[in-house]
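Commentary on secondary and tertiary structure
Chain by chain, the residues:
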Amino acid sequence: MALDTILVKEITINSDTRDCGGCTVCCTVSRVPEFNKLENQDCVHQIEGKGCGIHTKRPMVCKKYFCEWAKGNAPEDFKPDKVGVMLERVTDDIMSFLIPPNRKTNWYNQKTEDYAQLLKSQGISVVTNTGKVLLAEGHDTEYVWEQIEKQARINRIID
Ligand code: SF4
Ligand code: SF4
């Protein structure tokens, strides 16, 4: 387990700067071990357009979680429930675009493409949970998937 990765995750816990409002995209795309909820399925407690039905009693993993938009690390107009994609940083040089599969939002458009290209120009590869990969210079798919697997293992240990 990489200690520096854990510390990065802990530091970001309290760095949320934006109000989630009624967004529940992370409730769909994220795993919640407490409920045996897998990625890409709605949580039994989420209320579409309103938030969490057990807000004050939600598990710690939910309380600790903030996507890149909520942390203020993505453009203001990239709020997940508006743009249809949630940004989550995998590593310093890989960003994931997570698209809730059961929503009809047309997430792939000029705005998201432009932002993915901007990240790529900054040396950050972009991967989506729909299978798209945009490789930054010096990256290959093997490197990117290795990092994603490694981070997933670390997150499971932390959870
Ligand atoms: S996806 Fe981001 S903005 Fe939406 S509820 Fe989760 S943390 Fe908040
Ligand atoms: S418990 Fe609440 S915050 Fe956690 S995933 Fe479910 S709806 Fe979202």
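Residues numbered from 1 in each chain as written. Chains lettered and ligands numbered in written order. Predicted model: local features only at pLDDT ≥ 70, side-chain atom pairs only at ≥ 80, totals over all residues.

**What to know about the overall build of the protein chain**
- For the protein chain, the helix and strand inventory stands at six helices and six strands.
- Taken across its 159 residues, the protein chain has 24% of its residues classed as buried.
- Long-range contacts, defined here as pairs at least 24 residues apart, represent 51% of the contacts in the protein chain between residues at least 6 apart. (Helix = DSSP H or I, 4+ residues; strand = E, 2+ residues; numbered from the N terminus. Buried ≥ 20, exposed ≤ 12 C-beta atoms within 10 Å, placed from the backbone. Contact = placed C-beta atoms within 7 Å.)

**Observations regarding the site of ligand 1**
- In the neighbourhood of ligand 1, the contacting residues comprise Cys20, Cys23, Thr24, Val25, Cys26, Tyr65, Phe66, Cys67, Trp69, Ala70, Pro80 and Met86.
- By residue class, the composition of the shell around ligand 1 is 11 nonpolar, one polar and no charged. (Near = placed C-beta within 6 Å. Nonpolar A, V, L, I, M, F, W, Y, C, P; charged D, E, K, R; others polar.)

**Description of the site of ligand 2**
- Residues in contact with ligand 2, as listed here, are Cys27, Val32, Cys43, His45, Gln46, Cys52, Ile54, Arg58 and Cys62.
- Split by residue class, the shell around ligand 2 holds six nonpolar, two polar and one charged.

**Structural notes on the confidence of the model for the protein chain**
- Confidence in the prediction of the protein chain, expressed as mean pLDDT, is 86, and 87% of residues score 70 or more.
- In this model, residues 1–14 is a region of pLDDT below 50 whose contacts with residues beyond four sequence positions or in other chains number 10 contacts. (pLDDT = per-residue confidence, 0-100.)

**So, the environment of Glu48**
- Mapped onto the elements, Glu48 comes out in the loop between β1 (46–47) and β2 (51–52).
- With 12 C-beta atoms counted inside 10 Å, the residue Glu48 sits in the exposed group.
- Sequence separation between Glu48 and Gly22 is 26 residues, and the spatial gap between their C-alpha atoms is 7.4 Å.

**A few points about the nonpolar core**
- Among the nonpolar cores identified, the biggest contains 26 residues, and Cys67, Val85, Met86, Leu87 and Phe97 are the most heavily contacted of them.
- Only α2 (25–29), β3 (86–91), β4 (94–98), α5 (110–121) and β5 (125–128) provide two or more residues apiece to this core.
- Apart from the residues lying within four places of it in its own chain, the contact partners of Leu87 are Cys67, Glu68, Trp69, Ala74, Phe78, Met95 and Phe97. (Core = buried A, V, L, I, M, F, W, Y, C linked by C-beta atoms within 7 Å.)

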